[in-house]
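A closer look at the structure
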Amino acid sequence: MTHVALGITGASGALYAVRTLAALLAHGATVELVVSDYGRRLLRDEIGPEAAIDRLATYVTSRYGVAVEPGRLVVHSNRDLGASLASGSQGCEAMVIVPCSMKTLAGIAHGLSRSLIERAADVMLKEKRRLVLVPRETPMSLPELRNMVLCAEAGAMILPAMPAFYQQPKTIDDLAAFIAGKILNGLGFDQQLFPAWKGQ
Ligand SMILES: Cc1cc2nc3c(=O)[nH]c(=O)nc-3n(C[C@H](O)[C@H](O)[C@H](O)COP(=O)(O)O)c2cc1C
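Right, let's walk through the structure included here.

Quick notes on the rules
Residues numbered from 1 in each chain as written. Predicted model: local features only at pLDDT ≥ 70, side-chain atom pairs only at ≥ 80, totals over all residues. Heavy atoms only, no water. Buried < 20%, exposed > 50% of the residue type's maximum accessible area, 1.4 Å probe, protein only. Helix = DSSP H or I, 4+ residues; strand = E, 2+ residues; numbered from the N terminus. Pairing = 2+ DSSP bridges. Right-handed = clockwise from strand over helix to strand, strands pointing away.

Burial of strand 4 (residues 94-100) is extensive: seven of the seven residues sit out of reach of the surface. Of the two faces of strand 4, the one holding Ala 94, Val 96, Val 98 and Cys 100 and the one holding Met 95, Ile 97 and Pro 99 are both buried throughout. As paired elements, strand 1 (residues 3-8) and strand 4 share four bridges and run parallel to each other. Looking across to strand 4, one finds that Gly 7 is bridged to Ile 97. Bridge analysis of strand 4 against strand 5 (residues 130-135) gives five bridges, and the strand direction is parallel.

See below:
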């Protein structure tokens, strides 16, 4: 079974994270979840108390109809640098950080490993595994742009939270599904979250 690490940090766009979590679980992946302090705040502020970490599995089931069997969603503390995700010997094949704050992006770009999210991302880079970063900030400063280049040069996929409109989205969920679909592709999964472009 595929194990995927999912980091949620304090950038706007908590819905992208929840939609991605639901899609990964629906694909049969086991998700190793790490949420920063500000990621927890954004889940609460942008979605509501029903999306708090200890209620997230129930929320995903009620919103997206995805059953979360025991053991399929493992939550780690972002302060636990001794967690399995901190080592290259652990079994996560891929990692996504969605949304990815400029602070966490900077930490990954410079290999700081200050938190479990940053350390797990560093592990993905050193082990040459898939790492998808979903930054959300606008406009971007020159240091932020340079940090994205550093991460891309190190092997990460930079997948900005930039939903497209060619599929004529009708709802906010359609926009979130587009980004979640792109993330699943970036992690190496097939997905049907948005219709493929068929040409003119
Ligand atoms: C309501 C709110 C919205 C924020 N939105 C963003 C954002 O879109 N992008 C970003 O890079 N930082 C954003 N921040 C700032 C980050 O949360 C802050 O830099 C934090 O230290 C990030 O820490 P983390 O990466 O450990 O989650 C926001 C903060 C708050 C309180």
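This next bit is on the pairing of strand 1. The element strand 1 is extensively covered by neighbouring structure, given that five of its six residues are classed as buried. On the question of chirality, the crossover connecting strand 1 to the parallel strand 2 (residues 30-35) by way of helix 1 (residues 14-26) is right-handed.

Glancing now at the environment of Ile 172. Position of Ile 172 relative to the elements: it lies in helix 7 (residues 172-187). Of the residues examined, Ile 172 reaches a relative accessible area of 62% and is grouped as exposed. Residues Ile 172 and Leu 15, spaced 157 residues apart in sequence, show a C-alpha to C-alpha distance of 8.9 Å.

The values are spatial; any link to function lies outside them.
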